[in-house]
Amino acid sequence: VAASDGVWEFIDSQDAVDIVGAAYESGLAAELAALSLITAAANRWFAVEGDYRDDITVVVIYLDGFARDGGGRTPAPRRVAGAH
């Protein structure tokens, strides 16, 4: 996850991992994971600042070739349909 300061103002890194991780586990494309994080950040800005918010920019790239447990296992490739 790479994101502008408008995201990190009200979303901490663990929240971002949880949001993007939930999208990944649900089989959603990275684009939709980014949209989920953008939506969460915008909602938190609105709750605290009303109609004002800083820029919110997010890039999500799934690194499927890396094992989560560090044990060297690589998950099987999977196909995920992207939004058009």
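Preceding block: the structure.
Rules used in this analysis
- Residues numbered from 1 in each chain as written.
- Predicted model: local features only at pLDDT ≥ 70, side-chain atom pairs only at ≥ 80, totals over all residues.
- Heavy atoms only, no water.
- Helix = DSSP H or I, 4+ residues; strand = E, 2+ residues; numbered from the N terminus.
- Buried < 20%, exposed > 50% of the residue type's maximum accessible area, 1.4 Å probe, protein only.
- Contact = heavy atoms within 4.5 Å.
- Core = buried A, V, L, I, M, F, W, Y, C linked by side-chain atoms within 4.5 Å.

Caption draft 1: Layout of the overall build of the chain. Regarding its fold elements, the chain presents three helices and two strands. In sequence order, the secondary structure elements of the chain are arranged as β-α-α-α-β. Looking at the chain as a whole, 25% of its 84 residues qualify as buried. Within the chain, contacts between residues separated by at least 24 positions form 69% of all contacts whose residues are at least 6 apart in sequence.

Caption draft 2: Just the side chain of S4, in detail. The residue S4 is located in the loop between strand 1 (2-3) and helix 1 (5-8) in this model. When near neighbours in sequence (up to four residues on either side) are disregarded, S4 contacts D55, I56 and T57.

Caption draft 3: Representation of the nonpolar core. V7, I11, L37, I56, V58 and V60 are the most contacted members of the largest nonpolar core, which totals 17 residues. When residues of this core are traced back to their parent elements, those giving at least two are helix 2 (13-25) and helix 3 (30-49). Take this core: its biggest share by element is eight residues, from helix 3. Other than its neighbours up to four places away in sequence, V7 contacts L37, A41, D55, I56, T57 and V58.

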